[in-house]
Amino acid sequence: MSEIVINKFKCVRCGQCILACPARVYTRNSPLESTVLAKDGEERCIACNHCIAICPVNAISVNSLDSSDCDFFTDGVYPRLEHIISLVQMRRSIRTYSNVPVDDSQIEQLLNAVRWAPTAKNRLPVKWLIINGRKKVVELGGLVINWFRRLKGVDEMLDAWDLGLDPIFRGAPCVVAAYTTADSPWAAVDCSIAMQTFDYCAAAMRLGTCWAGYFINVAQKDMEINKWLGLSRDEEIYASLMLGNIGGEFYQKIPPRPEIKVKWIQ
Ligand SMILES: Cc1cc2nc3c(=O)[nH]c(=O)nc-3n(C[C@H](O)[C@H](O)[C@H](O)COP(=O)(O)O)c2cc1C
């Protein structure tokens, strides 16, 4: 439910809001008339704010926001496809981190960017945990290892930990996790999209990252870890990355990958 106001004196009848709205909030009776709210439009609105971003004359406000609250694209242009493909190919899982801590301001810049990652029905359910500082990361890694100690067939991992290595977080000075309530309909997908968006932006900042799969897996089962993280019983971690300044893996080439498997149906 949103509060929507259409200024019919400003509306230039371009119909862009009608085309952009995924929830059919807007309509008009004829091309000559200004846009009006469709029946139950305000109830259906998912507050994606597409309408106020696309309206060329600032004729709509949604929950007191209007076009004047929308920034223009940076530099006014889309980035070039070659640059995006290069970023996808250059991002690597990094497992050698330097002792230099990640600046809070860099993490804040990354968190700011992921506000624009898509979520199902624009529900924006994703919340973030930043475990920053090697001391806390090692403490958390120890909890993950404790959970593994009760399993068979993980001796290699346990031996590595006992030798002072870090098979869980690979020596990273920071761990980032995305979580939400387990009853959120697209919890895993929304969190994963947000985290991969964070990941590509981190790569563009030349920071090192690696998905923390062992941690995600154990955190979903171990209430002690969730308690340590301050999560409530109904909240669950769905995505996590190690994060740090790169300490020794400096790639100049792209690792080869097999051809994609695809079926075209047309
Ligand atoms: C869901 C997921 C979980 C992962 N978990 C771990 C992990 O716990 N530890 C690790 O070192 N790498 C982990 N990785 C990194 C993969 O091993 C890595 O993405 C893969 O080998 C390809 O390398 P690249 O990321 O450099 O292209 C994980 C990757 C994904 C997508």
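Caption draft 1: Spotlight on the overall build of the protein chain. Helix and strand counts for the protein chain come out as ten helices and nine strands. The globule rule puts the C-alpha radius of gyration for 266 residues at 18 Å, and the 23 Å found for the protein chain is more than 25% above it. Expressed along its principal axes, the backbone C-alpha trace of the protein chain runs to roughly 75 × 45 × 45 Å. Split into buried and exposed, the 266 residues of the protein chain put 26% on the buried side.

Caption draft 2: Quick peek at the environment of A187. Within the secondary structure layout, A187 lies in helix α8 (residues 187-204). Taking the C-alpha atoms as reference points, A187 and P125, separated by 62 residues in sequence, lie 7.6 Å from one another. Apart from the residues lying within four places of it in its own chain, the contact partners of A187 are P125, T180, A182, E236 and Y238.

Caption draft 3: Main features of the domain arrangement of the protein chain. Once the domains are mapped, the protein chain shows domain 1 (4-69) and domain 2 (83-245). Each of domain 1 and domain 2 has a C-alpha centre, and the two are 39 Å apart.

Caption draft 4: Up close: the sheet that holds strand β5 (residues 65-66). Pairing is antiparallel in the open sheet, where three strands are placed in the order β1-β4-β5. Since the sheet does not close on itself, it has two edges, and those belong to β1 (4-6) and β5, each with one partner. Where strand β4 (residues 60-62) meets β5, two bridges bridge the pair, whose relative direction is antiparallel. Its bridge partner being in β5, S61 is matched across the sheet by D66.

Caption draft 5: Layout of the sheet that holds strand β8 (residues 207-211). Taking strand neighbours across the sheet as the criterion, the four strands line up as β6-β7-β9-β8 in an open arrangement whose pairing is antiparallel. In the strand order of this sheet, the two ends are held by β6 (127-132) and β8, each with one partner. Between one strand and the next, the sheet's axes are offset by a mean angle of 25°, whatever the strand orientation. Sheet topology note: the strand β7 (residues 174-181)/strand β9 (residues 235-245) ladder contains eight bridges and is antiparallel. Within β9, the residue paired with T181 across the bridge is E235.

Caption draft 6: Molecular detail of the site of the ligand. Taken together, the neighbourhood of the ligand is formed by R92, S93, R95, R170, C210, W211, A212, G213 and Y214. Counting residues per element, the ones that place at least two in the shell around the ligand are β8 and α9 (213-219). Its residues assigned to classes, the shell around the ligand shows four nonpolar, two polar and three charged.

Caption draft 7: Region of interest: the nonpolar core. Grouped together as the largest cluster of nonpolar side chains are 39 residues, with contacts concentrated most on A172, C174, V175, A178, C191, F198 and L243. Listed by contribution, the elements that provide at least two residues to this core are α6 (134-148), β7, α8, α9 and β9. Residue contributions to this core peak at seven residues, all from α8. The residues contacting V175, other than those within four sequence positions of it, are I131, V137, L140, F169, A212, S240, M242 and L243. Core analysis: the next-biggest nonpolar cluster, separate from the first, contains 13 residues, A23, V25, I52 and V62 among them.

Caption draft 8: Geometry of the environment of Q106. Its place among the elements puts Q106 in helix α5 (residues 104-113). Each C-alpha atom, one on Q106 and one on A202, is 8.6 Å from the other, the two residues being 96 residues apart in sequence. Contact partners of Q106, with chain neighbours within four places excluded, come to M205 and L207.

Caption draft 9: Spatial organisation of α6. In a regular helix each residue adds 1.5 Å, so 15 residues correspond to 21 Å; α6 covers 21 Å between its end C-alpha atoms and thus fits that length. Listed in full, the buried residues belonging to α6 are V137, L140, G141, V144 and I145. Considered in projection along α6, the buried side chains sweep an arc of 145° and stay on one side of the axis. Seen from the open side of α6, the exposed residues pointing more than 90 degrees away from its buried face are K135, E139 and G142. Considering only its buried residues, α6 is in contact with β6, α7 (155-162), β7, α9 and α10 (223-228).

Caption draft 10: A look at the pairing of β9. Of all eleven residues in β9, ten are buried; the element is thus mostly enclosed. Sheet analysis places β8 next to β9, joined by five bridges and oriented antiparallel. If you follow T209 over to β9, its bridge partner there is L243.

Caption draft 11: Representation of unusual backbone geometry within the structure. Even without being glycine, D40 reaches a positive phi, approximately 60°. Topologically, D40 is positioned in the loop between β3 (36-37) and α2 (41-44). The class for D40 is exposed, based on 12 C-beta atoms found within 10 Å. Even without being glycine, A47 reaches a positive phi, approximately 55°. Residue A47 is classed as partly exposed on the basis of its C-beta count, with 16 C-beta atoms lying within 10 Å.

What counts and how
Residues numbered from 1 in each chain as written. Predicted model: local features only at pLDDT ≥ 70, side-chain atom pairs only at ≥ 80, totals over all residues. Helix = DSSP H or I, 4+ residues; strand = E, 2+ residues; numbered from the N terminus. Rg over C-alpha atoms; globule rule 2.2 N^0.38 Å. Buried ≥ 20, exposed ≤ 12 C-beta atoms within 10 Å, placed from the backbone. Contact = placed C-beta atoms within 7 Å. Domains from an automatic or database assignment. Pairing = 2+ DSSP bridges. Axes fitted to C-alpha atoms, helices over the stretch in contact; angles between N-to-C directions. Near = placed C-beta within 6 Å. Nonpolar A, V, L, I, M, F, W, Y, C, P; charged D, E, K, R; others polar. Core = buried A, V, L, I, M, F, W, Y, C linked by C-beta atoms within 7 Å. Expected span 1.5 Å × (residues − 1). Arc of directions from axis to C-beta.

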